[in-house]
Protein chains: 2
Amino acid sequence: MASSGNGRRRPTLEQVAERAGVSRATVSRVVNGQTTVAEHLRKAVEEAASDMGYVPHAAARSLVTQRTDSVALIVPEAPTRVFSDDQFFPGVIRGVAAELDAAGKLLVLMTTGSAEGRDRVERYAVGGHVDGVMFASLHDADPLPELIVRRGVPVVVNGMLPHSTVPYIDVDHVGGVRKAVEYLLARGRTRIATVAGPQDMVAGRGRLAGYRAALAAADRRAIVAVGDFTAQSGLDAMRQLLSDEPDLDAVFAASDLMAHGALIALREAGRRVPEDVAVVGFDDIAMASYSEPPLTTVRQPITDIGRTLALHMLALLAGEPVQRETILPTELVQRESA
Amino acid sequence: MASSGNGRRRPTLEQVAERAGVSRATVSRVVNGQTTVAEHLRKAVEEAASDMGYVPHAAARSLVTQRTDSVALIVPEAPTRVFSDDQFFPGVIRGVAAELDAAGKLLVLMTTGSAEGRDRVERYAVGGHVDGVMFASLHDADPLPELIVRRGVPVVVNGMLPHSTVPYIDVDHVGGVRKAVEYLLARGRTRIATVAGPQDMVAGRGRLAGYRAALAAADRRAIVAVGDFTAQSGLDAMRQLLSDEPDLDAVFAASDLMAHGALIALREAGRRVPEDVAVVGFDDIAMASYSEPPLTTVRQPITDIGRTLALHMLALLAGEPVQRETILPTELVQRESA
C-alpha cells in the first residue's frame, strides 16, 4: 500500500487517461471507486496509473487532496459503549495519542455504531480529511477497512484481517487463554466453564479456541456461554452457566468486563470466589485490580496495541514498509479470584 | 455568527475583489486571516463581502470548502486524562454523539493537551474538515474558540466565555454548591473545608464562589485547598487540608473525582466518613454511587450538556438563532457520605 505525498510529481487525470487510452470520465469513475466500470477499462486505468508510479486510487486521491497531518482512529462500536465503563478502547486511544503526538500528527477519533454511522465515517475517511485510518478493533463483516484502503488511504487495524493486504496488530489470544486454563487445571479445577466473546471477532474466536484446546488436551468437557465483551453480557452468561451446570468450579471469561459481570452473578447465587468458583478474566484493565476479589486475568498490552497501530501508520505515511502481521504477547497475571 | 453553505450563490474571490476595488491577492490575504493587510484594504474587502451577503472569513471558507456533514468536539485536556478514569468527558461525548447521530452528522473527537496540540487542532478546525466546532470544557486562557470563530466556523462551548459572542452552555455552579454547603451547615457541621477546582476555569471559580457565599452567610470561615479536578489532586489537597486544619468536620470537593481522592486521604488518616468528616462532591458521575461510602454530591446534567452543545450547533448550521447563554440546573443528591 503506497502512501500519497511521497514527493514525486503527480499525474493529472488527463495524463492517466491519455496513457490508458480511455476518457477522463472513465479515469474519474475508477479513481472514485465506482464499481460499474467495465473490468478491462478499470484494468487499463490501473495499469496506466501504476506505470506512472502510483497505485491508482492513491494517485486519484493525491490529485484532489493534500496532506492534513491528521490520522483517524475508528472505534467500530456505539459511542454509548465506547464512552462508558469500557477501559479497553481508552487504553488503545492513549497509546495511539502518545505516538501521534510525539510525531506531530493530530488524532481524530470516530465511532461507528450503526450502518448509517459507518457510511458517514467512510465518506469522511476517503474525503481527504485524514491521511490514514486506524481501527481500534474489528468485526469480521465490517467492509470498512477494505473500502477505505481501495480508495488509496493507508489503513492499519487491531485484529486479524483475513483475505486482505491491510497490516494488522493482534495479540496471542490462544496462547494466553491456554495458559489460563492450564493454570486452573493445575489448581485442581475440573468443571471449567467459559463466557466466550462475540464469535464475529477474531478476539472472541481465538479465546474460545484457546479454552477448547487446553480442555481437550486434559480430556475435559467444554461448558460454553457467549457474551459480547460487556459486563451485562457477562452477568447474563454466568447466570446461564450456573443454570446449565450448577456444579461448575471455575470460569474463564474472555474479557475483564464479562468477568466482572460473572462475579456479580456468582455473588447473587451465593458462590464464593475463589473457594467455590475460580474466575479468570482477559485484558487486565484497571478494574481488574480493584474488583472484589481482585481478578486473576490474561494481560494483553492494551496501550502497546495503540502505540503499535500508530507507529505502523506513521511508517506507512512515510512510505516505509510495514509487516503485514504483528502479534503482541499475552501473560497470566495472578491475583485473588483464581 | 453566520454559517456557510446556506444555499445562496457564493461569490468568487474575483467578484469580491471587483466590488472592493482591490486585487484578488488582497482579498485572498484578508480571507486567509493575514494580519499584515492595511486596515483600509481589509475594511473594503470586508464591506464588499458583507454586501454580498457573507461574513468575510465565512465567505472565504465557503469559496474553498464544502459541507463535510461532520462536527468536531474538542476536549481541551491531555488524552491521558480524558481517556482514563474520568467520567465527565465521556458523559458529554455520549450526549453529543446521540444528537449528532440522530441528525445524520459525524462526530469527530479531538483532544488538545499541549500548545502544539492546540495548533494542530486549530489548523484542522479551520481547514474545511468540519462544519463546526464544540468545546467540551474551557480554560480561560485558551484562545482557540475565538480563533476558530473568527475564521467563520461556528463554535459552541461548554463553560462561560467572557468577551465573546460565542454561544455557551453552563450549569448553575454557585447555586448548586450553596445548597450543598447549606446542607452541611444544617446538619451541624462547623468546620467545612473545600477542595476547589482549577481557578482558570469558570467551573472552578464558580464552585469556590458558591462555597464562600454559603459560609459567609453563616458567618463561618473558609478553609481552602485547590486541585485540578483529578482524583490525585483531591488526595493531595485533602492531605493538605488535614494538615492545615486537623479539626475539620466536613469537606466539599468541587468534583467527584477529587472527592474520591479525599475519601482515600481520610481513610489513610483514620477518619470515618461521614461520622468524623462529611464529604460532598460535584458531578454525580457513575463512580459517585459505587464509592465507599456512596457519595452525596451536586448533580450536574452531564449528558444534557452534551446534548445541548450538539443541538445548538445543529441550529447554527441550519442558520437558526441560538441564545448566547444557556444555564442548566444543578441539584443535591443525598447518599451516605454526608
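This text follows the structure it describes.
Residues numbered from 1 in each chain as written. Chains lettered and ligands numbered in written order. Predicted model: local features only at pLDDT ≥ 70, side-chain atom pairs only at ≥ 80, totals over all residues. Heavy atoms only, no water.

Asker: Now, about the relation of the copies chain A and chain B: what can you tell me, with residues and values included?
Answerer: Turning chain A through 180° and shifting it by 0.0 Å along the axis lays it on chain B, with an RMSD of 0.4 Å. On the angle and the small slide along the axis, the relation comes out as a two-fold axis. Closest approach to the rotation axis within chain A is made by the C-alpha atom of Leu109(A), at a distance of 2.3 Å. Counting the interface residues of chain A, we find that 100% of their copies in chain B are interface residues as well, pointing to one common contact surface. (Least-squares fit on C-alpha atoms with pLDDT ≥ 70 in both. Contact = heavy atoms within 4.5 Å.)

Asker: Can you lay out the pattern of salt bridges for me, pointing to particular residues and giving the numbers?
Answerer: Here the structure, examined in full by the defined rule, presents 26 salt bridges over all chains. Linking Asp236(A) and Arg239(A) is a salt bridge whose minimum nitrogen-to-oxygen distance equals 3.9 Å. Taken together, the residues Asp236(A) and Arg239(A), both in helix α11 (residues 231-244) and 3 residues apart, mark about one turn of the helix. Of the charged contacts, one joins Glu245(B) and Arg191(B) as a salt bridge, the two residues approaching to 3.3 Å between their closest N and O atoms. With Glu245(B) in the loop between α11 (231-244) and β8 (250-253) and Arg191(B) in the loop between α9 (173-186) and β6 (192-196), the pair connects residues that are 54 residues apart, well separated along the chain. For Glu245(B), a relative accessible area of 12% translates into the label buried. Here the salt bridges do not stand alone but share partners, grouping Arg191(A), Arg221(A) and Glu245(A) into one network. (Salt bridge = Lys/Arg side-chain N within 4 Å of Asp/Glu carboxyl O. Helix = DSSP H or I, 4+ residues; strand = E, 2+ residues; numbered from the N terminus. Buried < 20%, exposed > 50% of the residue type's maximum accessible area, 1.4 Å probe, protein only.)

Asker: I'd like a description of the interface of chain A and chain B, backed by residues and values.
Answerer: Each side of the interface is counted separately: chain A has 25 residues, and chain B has 25 residues. In total, chain A and chain B occlude about 2100 Å² of area from one another, counting both sides; carbon and sulfur atoms represent 64% of this. Our count for the chain A to chain B interface comes out at 2 salt bridges. Arg120(A) is the partner of Asp101(B) in a salt bridge, and the nearest nitrogen-oxygen pair spans 2.4 Å. For the pair chain A and chain B, the number of links is 11 residue pairs in polar contact (both at pLDDT 80 or more). (Buried area = accessible area lost by both parts, 1.4 Å probe. Polar contact = N/O pair within 3.5 Å; in protein donor to acceptor, adjacent residues only side chain to side chain.)

Asker: Which residues make up α9(B), and what values go with them?
Answerer: Residues and elements named next belong to chain B. Here α9 is 14 residues long and its end C-alpha atoms lie 20 Å apart, about the 20 Å a rise of 1.5 Å per residue gives. All buried positions along α9 are accounted for by His-173, Gly-175, Gly-176, Val-177, Ala-180, Val-181, Tyr-183, Leu-184 and Leu-185. Sitting at the amino-terminal end of α9 is Asp-172, which places a side-chain oxygen 2.9 Å from the backbone nitrogen of Gly-175. Trailing α9 by a residue or two, Gly-188 shows a phi angle of about 90°, which is positive. (Expected span 1.5 Å × (residues − 1).)

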